[in-house]
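So you can see what is in the structure, the chains are spelled out below.
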Amino acid sequence: MGLALVFLVWMLHKVGWQTIWQHLLRVGWWWPVLLLPYGVVTWLEAVSWDYLLLSSTHRPSLARLYRLRLSGEALNTMTPTAGLGGEPFKASRLAALGLPWEEATASVVIHKGVAILSLVLYIFLGLGLVPFLLPLDGSLVMFLGLGAFLLAGGALLFVLVQGRGPCMWSLRLLERIGLCPRRLKDKEEELQSLDAAMASFYREHPGRGLLSLALFLLAWMTHAVEVYLIFWLLGHPISWGVAVCLDALAMLFTAMGFFIPASLGVQDGGNVLLALGFHLGATLGAAFSILRRLREAFWMGLGLLLAFQEK
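Predicted model, so just to flag it, every value in this text is computed and none were measured.

## Some thoughts on the packing of aromatic side chains
In step 1: Inspection of every chain in the model, using the stated rule, returns seven aromatic pairs.
In step 2: Aromatic pair Phe124 and Phe149: ring centres 5.2 Å apart, planes at 70 degrees, arrangement edge-to-face. One end of the pair, Phe124, is in helix H6 (residues 101-133); the other, Phe149, is in helix H7 (residues 138-162), and 25 residues separate them in sequence.
In step 3: Judged by relative accessible area, which is 58%, Phe149 ranks as exposed.
In step 4: Note on Phe231 and Phe288: the rings are 5.2 Å apart at their centroids and 25 degrees apart in plane angle, and the pair reads as stacked. With Phe231 in helix H11 (residues 206-233) and Phe288 in helix H14 (residues 282-309), this pair connects stretches of sequence that are 57 residues apart.

Below, the structure is given as structure tokens:
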């Protein structure tokens, strides 16, 4: 993270602090408008999560799911855990509300798969728009395409494994190599229940899964509204198609930096690189990245505050 921070500061210095600041001054007091799209994004993600919960008793309200989603994603972003640091928090809070442990955990695991799979679809949508909208360099398109296919392979594997007893398979593997701790072995029945809950959902409720996937894809596409607003406020309006394409490809760079908290440096370098590829200029790319970071900081801070308040 320290190296990423050094790279980020160096990159912004090369672009030019004074020039970036002049662009940011164009936004002025309109910057709170940029906070609104992510609020809608989180609401769509909460609704998507709600479709994965089957119990009629002890069911959390949509408002509570919204809070948990915001809190969990803040923990995911702030921890170097490949976007998984907030998932145990979500599952534990659902269980604390009275939801069966296996259903709470299964919903979180399945929703993570839904998030990654819908992200892949969104990225491929952006790649599909490139030939029609943007004069990107061929080598850059090949690099982005390779990254998208690698992400797609990981997403499909993650989703397919969920319905094939991953917990027990992992437990047996650890036992075979002699690395299974006793505490984990004592949880064998709970792990079997979790495997059964995930397999049962995919077998008996495929429609709910597809609806959850569609809602999450819509959430990803709502991010493009933020991109459109940012460039409009910067005095350089772009079309809706370009906003979707730019955002989808930017998400790919963010995914590549999964091992660094907040994808620091990787996400920002990707934004500048894409802005150059789209002939928008490095300065606009840097200003765009900074404004996105300000939005992230606001919602992440709110999410961490909500997580702290959970009891």
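Once you've had a look at it, read on.
## Some details on helix H4 (residues 62-78)
In step 1: Relative to the 24 Å expected for 17 residues at 1.5 Å per residue, H4 spans 24 Å between its end C-alpha atoms, a close match to the ideal helical length.
In step 2: When we look at burial in H4, the residues that qualify are Leu65, Tyr66, Leu68, Arg69, Leu70, Ser71, Gly72, Glu73, Ala74 and Asn76.

## Let's talk about unusual backbone geometry
In step 1: One non-glycine residue, His279, adopts positive backbone phi at about 60 degrees.
In step 2: Position of His279 among the secondary structure elements: in the loop between helix H13 (266-277) and H14.

## Remarks on the confidence of the model for the protein
In step 1: Confidence in the prediction for the protein averages 84 pLDDT; 86% of positions are at 70 or higher.
In step 2: Mean pLDDT across the elements of the protein ranges from a minimum in helix H1 (residues 2-15), with 60, to a maximum in helix H3 (residues 36-50), with 95.

## Topic: the environment of Leu34
In step 1: For Leu34, the position within the fold is in the loop between helix H2 (17-27) and H3.
In step 2: For Leu34, a relative accessible area of 3% puts it in the buried group.
In step 3: Measuring from C-alpha to C-alpha, the distance between Leu34 and Ile230 comes to 7.0 Å, with 196 residues separating the pair along the chain.
In step 4: The contact partners of Leu34, leaving out residues within four places of it in the chain, are Glu226, Leu229, Ile230, Leu233, Leu291 and Arg295.

What counts, and where the lines are drawn
Residues numbered from 1 in each chain as written. Predicted model: local features only at pLDDT ≥ 70, side-chain atom pairs only at ≥ 80, totals over all residues. Heavy atoms only, no water. Phe/Tyr/Trp six-rings, centres within 6.5 Å; stacked < 30°, edge-to-face > 60°. Helix = DSSP H or I, 4+ residues; strand = E, 2+ residues; numbered from the N terminus. Buried < 20%, exposed > 50% of the residue type's maximum accessible area, 1.4 Å probe, protein only. Expected span 1.5 Å × (residues − 1). pLDDT = per-residue confidence, 0-100. Contact = heavy atoms within 4.5 Å.

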